[in-house]
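Examining the three-dimensional arrangement
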Amino acid sequence: MNIIIIGAGQIGLHLARSLSGAAHDIVVIESNEKLADSCSNEIDGRVIHGGGTSVELLLEAGAAEADLIFALTSHDATNLVACEISKKLGAKKAICRVSPQLVREEWIFDFRANFSLDHIFSSERLSAIEISKHIRNPDGIAIQEIARGRIEIQQVRIPDHSSACGKSLIELNLPERVRVASVQRADKFFIPTAEEKILPNDKITLFGDPSKLSKTASTLRSKNEKEKSINIVILGGGEYGLSLAQMVSSWGCQIRIFEKDESLAEQLAEELSGKATVIHADATSLNELREEQIGEADFFIATTQSDEDNVMTCLQAHNLGTKNCLPLIHRTDYANSVNQSKSKLGIKEAIIPRETVRRELMRFITSDKYHIVKKIPAGEIIETTIRAKSKVAGKKIEDIALPPGSIFIALIKGIHAKVASASDEIEVGDTVFSIVSEDAKKAFLKLVAR
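Parameters at a glance
- Residues numbered from 1 in each chain as written.
- Predicted model: local features only at pLDDT ≥ 70, side-chain atom pairs only at ≥ 80, totals over all residues.
- Heavy atoms only, no water.
- Core = buried A, V, L, I, M, F, W, Y, C linked by side-chain atoms within 4.5 Å.
- Buried < 20%, exposed > 50% of the residue type's maximum accessible area, 1.4 Å probe, protein only.
- Helix = DSSP H or I, 4+ residues; strand = E, 2+ residues; numbered from the N terminus.
- Contact = heavy atoms within 4.5 Å.
- Pairing = 2+ DSSP bridges.
- Axes fitted to C-alpha atoms, helices over the stretch in contact; angles between N-to-C directions.
- Patch = residues over 30% accessible without salt bridge, like charges linked within 9 Å, V, L, I, M, F, W, Y side chains within 5 Å.
- Areas by Shrake-Rupley, 256 points an atom, 1.4 Å probe, with all protein chains shown as cover.
- Salt bridge = Lys/Arg side-chain N within 4 Å of Asp/Glu carboxyl O.
- Lys, Arg positive; Asp, Glu negative; His and termini not counted.
- Charge placed at Lys NZ, Arg CZ, Asp CG, Glu CD.
- Phe/Tyr/Trp six-rings, centres within 6.5 Å; stacked < 30°, edge-to-face > 60°.
- Lys NZ or Arg CZ within 6 Å of the ring centre and 35° of its normal.

**Some remarks on the nonpolar core**
Ile5, Phe70 and Ile135 are the most contacted members of the largest nonpolar core, which has 48 residues in total. At 6 residues, the largest contribution of residues to this core is made by helix 10 (residues 239-248). Residues in contact with Ile5, not counting those within four places in the same chain, are Gly12, Leu15, Ala16, Leu19, Ile26, Val27, Val28, Ile29, Phe70 and Leu72. Core analysis: the second largest hydrophobic core is formed by 26 residues, Ala91, Ala94, Val98 and Leu117 among them.

**Details of the sheet that holds strand 12 (residues 231-235)**
Read across the open sheet, the 5 strands follow the order 14-13-12-15-16; overall the sheet is parallel. Both edges of this open sheet fall to strand 14 (277-279) and strand 16 (324-327), since each of them pairs with a single strand only. Strand-to-strand, the axes of this sheet are offset by a mean angle of 15 degrees, without reference to chain direction. Two strands pair when backbone bridges link them, and strand 12 and strand 13 (residues 254-258) are joined in this way by 5 bridges, in the parallel orientation. Looking at strand 13, one finds that Leu235 is bridged to Phe258. Set on the sheet, helix 13 (residues 307-320) makes contact with strand 12, strand 15 (299-302) and strand 16; between it and strand 16 the angle comes to about 175 degrees.

**As for the sheet that holds strand 5 (residues 93-97)**
Backbone-to-backbone hydrogen bonds pair the strands of a sheet. The strands run either parallel or antiparallel. Spatial ordering of the open sheet is given by 3-2-1-4-5-6, a layout of 6 strands whose pairing is parallel. Where the open sheet ends on each side, the last strands, each with one partner, are strand 3 (46-49) and strand 6 (119-121). Pairwise comparison of adjacent strand axes, ignoring direction, gives a mean angle of 15 degrees for this sheet. For strand 2 (residues 25-30) and strand 3, the ladder comprises 4 bridges, and the chain directions are parallel. Pairing of Val28 across the sheet is with Val47, part of strand 3. Helix 1 (residues 10-19) rests against strand 1 (2-6), strand 2, strand 4 (68-71) and strand 5 of the sheet, and its axis sits at about 155 degrees to strand 1. Along the sheet, helix 2 (residues 33-42) contacts strand 2 and strand 3; its crossing angle with strand 3, the most-contacted strand, is approximately 170 degrees.

**A look at the environment of Ser390**
Position of Ser390 among the secondary structure elements: in the loop between strand 18 (379-385) and strand 19 (395-396). A relative accessible area of 5% places Ser390 in the buried class. Setting aside chain neighbours within four positions, we find Ser390 in contact with Leu447, Val448 and Arg450.

**Topic: a positive patch on the surface**
A contiguous patch of positive charge, built from Lys369, Arg387, Lys389, Lys391, Lys395, Lys442, Lys446 and Arg450, is present on the exposed surface. Mapped onto the secondary structure, Lys369 falls in the loop between helix 16 (353-362) and strand 17 (371-376). Since its relative accessible area comes to 41%, Lys369 is described here as partly exposed.

**Looking at unusual backbone geometry**
The phi angle at Asn173 is positive, at roughly 50 degrees, despite the residue not being glycine. By secondary structure assignment, the location of Asn173 is in the loop between helix 8 (169-172) and strand 9 (178-185). With a relative accessible area of 64%, Asn173 lands in the exposed category. Notably, Asn201 is not glycine yet its phi reads approximately 75 degrees, a positive angle. Within the fold, Asn201 resides in the loop between strand 10 (188-190) and strand 11 (203-208).

**Regarding the side chain of His371**
For His371, the location among the structural elements is in strand 17. Other than its neighbours up to four places away in sequence, His371 contacts Lys93, Arg363, Phe364, Thr366, Ile381, Ile382 and Glu383.

**Some thoughts on the packing of aromatic side chains**
On inspection of all chains with the given rule, the structure shows 3 aromatic pairs. When the centroid spacing of 4.9 Å and the interplanar angle of 75 degrees are considered together, the rings of Phe109 and Phe111 count as edge-to-face. What makes Phe111 buried here is its relative accessible area of 10%. Grouping aromatic residues by their ring pairs yields a cluster made of Phe109, Phe111 and Phe115. Cation over ring: Lys188 sits above Phe190, and NZ or CZ is 5.2 Å from the ring centre. If you follow Arg331 out to its NZ or CZ, it ends over the ring of Tyr334, 4.3 Å from the centre.

Geometry only, nothing functional implied.
Structure representation (structure tokens):
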């Protein structure tokens, strides 16, 4: 593939390194001369020193024939404009990194349509999602956020004491916009009918509104007893900490955020009013951690820009009794070392933002007319943008004969995303998310992704 990467910072350089040496033609555009020189010495590809919004440089980089443009600088305006110009020049796909604030505003303004974007993401939000999986996911079963964060996929293992055992799906009376996509029973995977009864040890895949999905999953795992609130402490009120707090605030968690910058602490307190307690203090101080009884927390999550502070405060929290400690580590070599010794250090997992982003972006490194969002035991979550030649274009979902083993789960129309329902009509330009088994994949793609 012909790939252009705009920005050779932490994320851009990490992606370029991972692609270097593979069967791709890579061109990196970087405005900082020192970063450009450093990148040139580290990758097997061409590096151009200059601005990513220059039409001349984009043409020189081959934007007119590019299969993929990754705009990965730390500046929203640069990335948005670079993507739009590249698509106008002829690039097939444009993937844009933006700030969390812009992602939060996406429901107001359709950045994708107005800037010709194929995908938009925030590294901070992706990292928050990665952290949230460890909070929400005691059994290590998949949780995946899709459709611009409006819909979530979550797998739930049904224990033998669950009140759901022996009930059919229709008897479960699931909340509106929450549905069962598939069931794994022993080694068998299938998409159930409404009459299918839930059995002990079934692993069911739910999808729906994130605010309702968490409660539904907890109900299915329990005997209807009241669920204990999770006690979470976050070190650092920057964009990583804020994104995580906003994400978990709807789960009924007790959230405390340590932020040593007074003005930022005040801003956080106002923005998260009623959702989290913001503490203006330096949590690298052992006395501060003791005073706030950090040892009683279920999770201690360190999200500052300092890898050393993140690791050391996690060690202190663990020594005080915190069950689960997760540091954010920006340097991959540091993170690998920590993860190799995590059981000895009392750390659950080191989260690496640049690696989290790399995994997200690698799914676009394909010439196919669809993206595999996630592989799950029942098959694959597939994202497809409907084209004019698609056999489902212009049809209602209830009139589409999907092959057995496939189901539409989410639909994006412009800035609106929702759980797909039988009465929804699929139109050209819509983005559809589906769960597809291996046996159904060929027939499904022939029907939908043309």
